[in-house]
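Fold and geometry: a report
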Amino acid sequence: EGNTAGEGSAAAHVVTPADAALALRGVQLYAPLAQAVGFASLGMSIEALSYRRLFPEAMGRLLTWYQQVWPDAQELLPQLTSQLRSAIETAPSLAGLLSSVRVTGRVKTPASTLRK
């Protein structure tokens, strides 16, 4: 593990060259490889851990923002997709143009947001 002064404190986190190299391999090699062979959740976990190691302050700020702005995102997603589907299906400008409507969505993770 890396050197930390006060575990949990992003500002006190010191990334050693070995930590940075391992975290970069995680993001650039292991996470994409895991996703490519069908282990998407493992790949996402590797990516999130790597970003937390490389960018502890930025990830900490993103996590805080997500918790403040979207604390109930998982619960809201089905409601929002349903509302959007209904709005599309009842839009007068689309009447007769669509045979069916399928709306999907997902809650972005802090690691995915950081990558973008």
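The coordinates are above.
What comes next concerns the included structure. Worth saying up front: this structure is predicted, and the values here are computed from it rather than measured. (Residues numbered from 1 in each chain as written. Predicted model: local features only at pLDDT ≥ 70, side-chain atom pairs only at ≥ 80, totals over all residues. Heavy atoms only, no water.)

A closer look at the packing of helix 1 (residues 17-36) against helix 2 (residues 40-54)
- Between helix 1 and helix 2, the least distance of the axes is 8 Å, while the angle of their chain directions is 160°. Comparing the axis directions of helix 1 and helix 2 gives the class roughly antiparallel. Seen along the crossing, helix 1 lies across helix 2 with a hand that is left-handed. The segment helix 1 lies against helix 2, with Asp-19, Ala-20, Ala-23, Leu-24, Gly-26, Val-27, Tyr-30, Ala-31, Ala-34 and Gln-35 engaging Ala-40, Leu-42, Gly-43, Met-44, Ile-46, Glu-47, Ser-50, Tyr-51, Arg-53 and Leu-54.
- Tallied by class, the residues present in the contact of helix 1 with helix 2 amount to 13 nonpolar, four polar and three charged. (Axes fitted to C-alpha atoms, helices over the stretch in contact; angles between N-to-C directions. Helix = DSSP H or I, 4+ residues; strand = E, 2+ residues; numbered from the N terminus. Parallel < 35°, antiparallel > 145°, perpendicular 65-115°, else oblique. Left-handed = near helix turned anticlockwise from the far one by under 90°. Contact = heavy atoms within 4.5 Å. Nonpolar A, V, L, I, M, F, W, Y, C, P; charged D, E, K, R; others polar.)

Let's talk about helix 2
- With 15 residues, helix 2 should reach 21 Å at 1.5 Å per residue; the first-to-last C-alpha distance of 21 Å fits that figure.
- Those residues of helix 2 lying buried are Gly-43, Glu-47, Ala-48, Ser-50, Tyr-51, Arg-53 and Leu-54. (Expected span 1.5 Å × (residues − 1). Buried < 20%, exposed > 50% of the residue type's maximum accessible area, 1.4 Å probe, protein only.)

Let's talk about helix 1
- Here helix 1 is 20 residues long and its end C-alpha atoms lie 28 Å apart, about the 28 Å a rise of 1.5 Å per residue gives.
- The largest bend in helix 1 amounts to roughly 45° and is located at Gly-26.
- All buried positions along helix 1 are accounted for by Asp-19, Ala-20, Ala-23, Gly-26, Val-27, Ala-31 and Ala-34.
- Where helix 1 ends, the next residue or the one after it, Gly-38, has phi of about 95°, a positive value. (Bend = angle between axes of the 7 residues up to and from the residue.)

Everything listed here is a matter of coordinates, which is why it stays silent on function.
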